[in-house]
Amino acid sequence: MSTNAKTVSRYATKQIILVGLFGALSTILMLLEFSLPFIPPFVKMDFSELPVILGGYLLGPLYGAYIAIVKVALNFVLNGTTTFGIGETVNLIGSLSFMLPAVFYYKYHRTFKGAITSLVIGTATATVVLLTANYFVIFPLYATAMHFPIEKIVALAATTNPFVTNLWTLMLFALLPFNVLKFGLSSVLSLMLYKKVEKVLKLEKQ
């Protein structure tokens, strides 16, 4: 095997190892979920998107997607599911719709301004995708699968947020600010950590 081939092989091995490490870290952060005021009790805040977006920037969009899949899979193994996999599917959709557009944009605009723009794009995309999926697919599917009518879901959300009166206002006054906050905070933290993590890992191919 040539020296160049060995270098590429070591680089690929390092990527695979980092996918596992980032995925495990993301799972741990997912387990450290917590509730927020005015947000429905069935929606929890966590910072599990941070390793996903950092991994995407450092390793590329494909490996970033692998990290998101590892996160969801490990959480499923550790916690099981109480939603027939619906909650886990939503989490994966959110991770991918946040990470992929951000990473693809930054790939062609590798400046600090490009990084900020990429994260704004990722946050906006994830928010729109999740609100659309939740309104038209996920909540109706959950109501059917769990035999829990949407009216009861709305009533439960209204216990913490008086502005919620129907499914539309649940999206507008609860899930919209929640998603902007969740992905926005992950964006800020990733801006703070990206260069430091990149320097420590020294991932650039020689």
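Criteria and cut-off values
- Residues numbered from 1 in each chain as written.
- Predicted model: local features only at pLDDT ≥ 70, side-chain atom pairs only at ≥ 80, totals over all residues.
- Heavy atoms only, no water.
- Helix = DSSP H or I, 4+ residues; strand = E, 2+ residues; numbered from the N terminus.
- Buried < 20%, exposed > 50% of the residue type's maximum accessible area, 1.4 Å probe, protein only.
- Areas by Shrake-Rupley, 256 points an atom, 1.4 Å probe, with all protein chains shown as cover.
- Lys, Arg positive; Asp, Glu negative; His and termini not counted.
- Charge placed at Lys NZ, Arg CZ, Asp CG, Glu CD.
- Core = buried A, V, L, I, M, F, W, Y, C linked by side-chain atoms within 4.5 Å.
- Contact = heavy atoms within 4.5 Å.
- Phe/Tyr/Trp six-rings, centres within 6.5 Å; stacked < 30°, edge-to-face > 60°.
- Salt bridge = Lys/Arg side-chain N within 4 Å of Asp/Glu carboxyl O.
- UniProt positions renumbered as here; feature names shortened; annotations may be inferred.
- Axes fitted to C-alpha atoms, helices over the stretch in contact; angles between N-to-C directions.
- Parallel < 35°, antiparallel > 145°, perpendicular 65-115°, else oblique.
- Left-handed = near helix turned anticlockwise from the far one by under 90°.
- Nonpolar A, V, L, I, M, F, W, Y, C, P; charged D, E, K, R; others polar.

Caption draft 1: Up close: the overall build of the chain. A count of helices and strands for the chain gives seven helices and zero strands. Listed by position from the N terminus, the elements making up the chain come as α-α-α-α-α-α-α. Residue burial in the chain is summarised as follows: out of 206 residues, 42% are buried. Approximately 11000 Å² of the chain is accessible, and the part contributed by carbon and sulfur atoms is 73%. Computing the positive centroid from 15 side-chain charges and the negative centroid from 7, the chain places the two 14 Å apart.

Caption draft 2: The arrangement of the nonpolar core in detail. By size, the foremost hydrophobic cluster in this structure holds 30 residues, and its most contacted members are Phe22, Ile53, Tyr57 and Leu59. Of all elements in the fold, only helix 1 (3-31), helix 2 (49-59), helix 3 (61-79), helix 4 (86-108), helix 5 (112-145) and helix 7 (167-201) reach the threshold of two or more residues within this core. Residues within four places of Phe22 in sequence aside, it is in contact with Pro51, Leu54, Gly55, Leu58, Ile67, Val197 and Leu201. Val43, Val154, Met171 and Leu175 belong to the second-largest nonpolar core, a separate cluster that totals 15 residues.

Caption draft 3: The arrangement of unusual backbone geometry in detail. One non-glycine residue, Phe38, adopts positive backbone phi at about 70°. Tracing the chain through its elements places Phe38 in the loop between helix 1 and helix 2. Classification of Phe38 as exposed rests on a relative accessible area of 52%. Even without glycine at this site, Phe84 takes up a positive phi of about 60°.

Caption draft 4: Molecular detail of the environment of Phe163. With respect to the secondary-structure elements, Phe163 resides in the loop between helix 6 (150-158) and helix 7. Aside from chain neighbours lying at most four places away, what touches Phe163 is Thr169 and Phe173.

Caption draft 5: Layout of the packing of aromatic side chains. Applying the stated criterion across every chain yields a total of ten aromatic pairs. A centroid spacing of 6.2 Å and a plane angle of 40° characterise the contact between Phe34 and Phe47, whose relative ring orientation is tilted. With a gap of 13 residues between them, Phe34 in the loop between helix 1 and helix 2 and Phe47 in the loop between helix 1 and helix 2 connect regions that are remote in the sequence. Residue class for Phe34 comes out partly exposed when judged on its relative accessible area of 34%. The structure contains a cluster of three or more aromatic residues connected by ring pairs, namely Tyr57, Tyr106 and Tyr194.

Caption draft 6: A look at the pattern of salt bridges. Summed over all chains, the structure comprises four salt bridges. Note that Glu49 and Lys71 form a salt bridge whose closest N and O atoms lie 3.3 Å from each other. Placement of the pair is Glu49 in helix 2 and Lys71 in helix 3, with a sequence separation of 22 residues. A salt bridge links Glu198 to Lys195, with the nearest nitrogen and oxygen atoms 3.5 Å apart. Pair noted here: Glu198 and Lys195 are both in helix 7, with a separation of three residues, about one helical turn. Ionic contacts of the salt-bridge type, sharing partners, join the residues Asp46, Glu49, Lys71 and Lys182 into one network.

Caption draft 7: Broad picture of the UniProt feature "transmembrane region" (unreviewed entry) in the chain. If you check UniProt for "transmembrane region" (unreviewed entry), the listed places come out as residues 16-38, 50-69, 89-106, 118-142 and 170-194 in our numbering. Regarding residues 16-38, the helix share stands at 70% and the strand share at 0%, and the terminal C-alpha atoms are separated by 40 Å. Overall, residues 170-194 shows 100% helix and 0% strand. The separation of its end C-alpha atoms is 34 Å.

Caption draft 8: Just the packing of helix 3 against helix 4, in detail. Put simply, helix 3 and helix 4 touch, their axes get as near as 9 Å, and they point 160° apart. Here helix 3 lies roughly antiparallel to helix 4, going by the angle between them. Crossing of helix 3 against helix 4: the hand is right-handed. Contact with helix 3, carried on its side by Pro61, Gly64, Ala65, Ala68, Ile69, Lys71, Val72 and Phe76, involves Glu88, Asn91, Leu92, Ser95, Leu96, Met99, Leu100, Val103 and Phe104 of helix 4 and no other residues of that element. Residue classes in the contact of helix 3 with helix 4 are distributed as twelve nonpolar, three polar and two charged.

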